[in-house]
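Chain residues, written in single-letter form:
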Amino acid sequence: MREFQGRMASMVEKASSLGEAMEAAQASASSPEGEVTVTVGIGGSLQDLQLSPASRQMSAQALAALIKETYREAAEQAGRSATGALASVFGEDNDLVRQARARSQGEE
């Protein structure tokens, strides 16, 4: 019974650590000239989008393409951050961490 309680306490601690790490696993990226800044959270959720005054000089198509590219960059960074959070809690050799790394590298 003590062993079971110890395992449960460890699981609760890991879950709490993972929750905190995942909340912090967001990333921001800016376009090369700073017209667009995108912040992405876990799972690719858009947290923030900022457009500088210089973005007003761009065509709608160019701005849309720049937003998409900047979003992609931020999403990739957030994915790496989330995988790092998993690794910090479960260790690099954990199956879940290996699967997350493979997915983030497009090796599903």
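Residues numbered from 1 in each chain as written. Predicted model: local features only at pLDDT ≥ 70, side-chain atom pairs only at ≥ 80, totals over all residues. Heavy atoms only, no water.

Undergrad: Could you clarify how one ought to interpret the overall build of the protein in this entry?
TA: Summing up its helical and strand segments, the protein has three helices and three strands in all. The secondary structure elements of the protein, listed N-terminal to C-terminal, are α-β-β-β-α-α. Sorting the 108 residues of the protein into buried and exposed places 24% on the buried side. By sequence separation, contacts in the protein at least 24 residues apart represent 45% of the contacts at least 6 residues apart. (Helix = DSSP H or I, 4+ residues; strand = E, 2+ residues; numbered from the N terminus. Buried < 20%, exposed > 50% of the residue type's maximum accessible area, 1.4 Å probe, protein only. Contact = heavy atoms within 4.5 Å.)

Undergrad: How do you make sense of the confidence of the model for the protein when you look at a structure like this?
TA: As a general rule, the predicted coordinates of low-pLDDT regions are not to be interpreted in detail. The predicted model of the protein has a mean per-residue pLDDT of 83, with 78% of residues at 70 or higher. Per-element confidence in the protein ranges from a low mean pLDDT of 68 for helix α1 (residues 2–24) to a high of 97 for strand β2 (residues 36–40). (pLDDT = per-residue confidence, 0-100.)

Undergrad: Would you mind going over the pattern of salt bridges with me for this structure?
TA: Any two side chains of opposite charge can pair, given that their charged atoms come close. Tallying each qualifying case throughout the model produces two salt bridges. Arg 72 is paired through a salt bridge with Glu 69; the nearest N and O atoms lie 3.2 Å apart. Placement of both Arg 72 and Glu 69 in helix α2 (residues 60–90) is noted, with a separation of three residues, approximately one turn of the helix. With relative accessibility at 41%, the residue Glu 69 sits in the partly exposed group. (Salt bridge = Lys/Arg side-chain N within 4 Å of Asp/Glu carboxyl O.)

Undergrad: Explain the pairing of β2 here, please?
TA: Consecutive side chains of a regular strand alternate in pointing toward one face of the sheet and then the other. In terms of residue burial, β2 counts as a mostly covered element, since four of its five residues are buried. As consecutive antiparallel partners, strand β1 (residues 27–30) and β2 are separated by five residues, and within that stretch Gly 34 has a phi angle of approximately 80 degrees, a positive value. The loop that links β2 with its antiparallel partner strand β3 (residues 46–51) comprises five residues; one of these, Gly 43, has a positive phi angle of about 75 degrees. (Pairing = 2+ DSSP bridges.)

Undergrad: For this particular structure, what's the right way to read the pairing of β3?
TA: Inspection of the sheet shows β2 paired to β3 by five bridges, in the antiparallel sense. By the bridge assignment for β3, Val 38 is matched with Leu 49.

Undergrad: Just to check I follow, could you spell out a nonpolar patch on the surface for this structure?
TA: On the surface, Leu 46, Leu 49 and Leu 51 cluster together to form a nonpolar patch covering roughly 270 Å² of accessible area. Within the fold, Leu 51 resides in strand β3. With relative accessibility at 44%, the residue Leu 51 sits in the partly exposed group. (Patch = residues over 30% accessible without salt bridge, like charges linked within 9 Å, V, L, I, M, F, W, Y side chains within 5 Å. Areas by Shrake-Rupley, 256 points an atom, 1.4 Å probe, with all protein chains shown as cover.)

Undergrad: It is not clear to me how α2 should be interpreted in this structure. Could you clarify?
TA: Each α-helix winds once per 3.6 residues, and so residues spaced three or four apart point in a common direction. Here α2 contains 31 residues, and its C-alpha end-to-end distance of 44 Å stays within 8% of the 45 Å for a straight helix at 1.5 Å per residue. Of the residues making up α2, those classed as buried are Leu 63, Leu 66, Thr 70, Ala 74, Ala 78, Ala 82, Thr 83, Ala 85, Leu 86, Ala 87 and Val 89. One or two positions beyond α2, positive phi appears at Gly 91, with a value near 95 degrees. (Expected span 1.5 Å × (residues − 1).)

Undergrad: Would you take a moment to explain the sheet that holds β1 for this structure?
TA: Sheet strands associate in pairs through backbone hydrogen bonding, adopting either a parallel or an antiparallel arrangement. Ordered by their spatial adjacency, three strands build an open sheet running β1-β2-β3, and the pairing between neighbours is antiparallel. The open sheet is flanked by β1 and β3, the only strands paired with a single partner. Strand-to-strand twist of the sheet, defined as the mean angle between neighbouring strand axes without regard to direction, takes the value 10 degrees. Those strands touched by α2 are β1, β2 and β3, and its axis lies near 35 degrees from that of β2. (Axes fitted to C-alpha atoms, helices over the stretch in contact; angles between N-to-C directions.)

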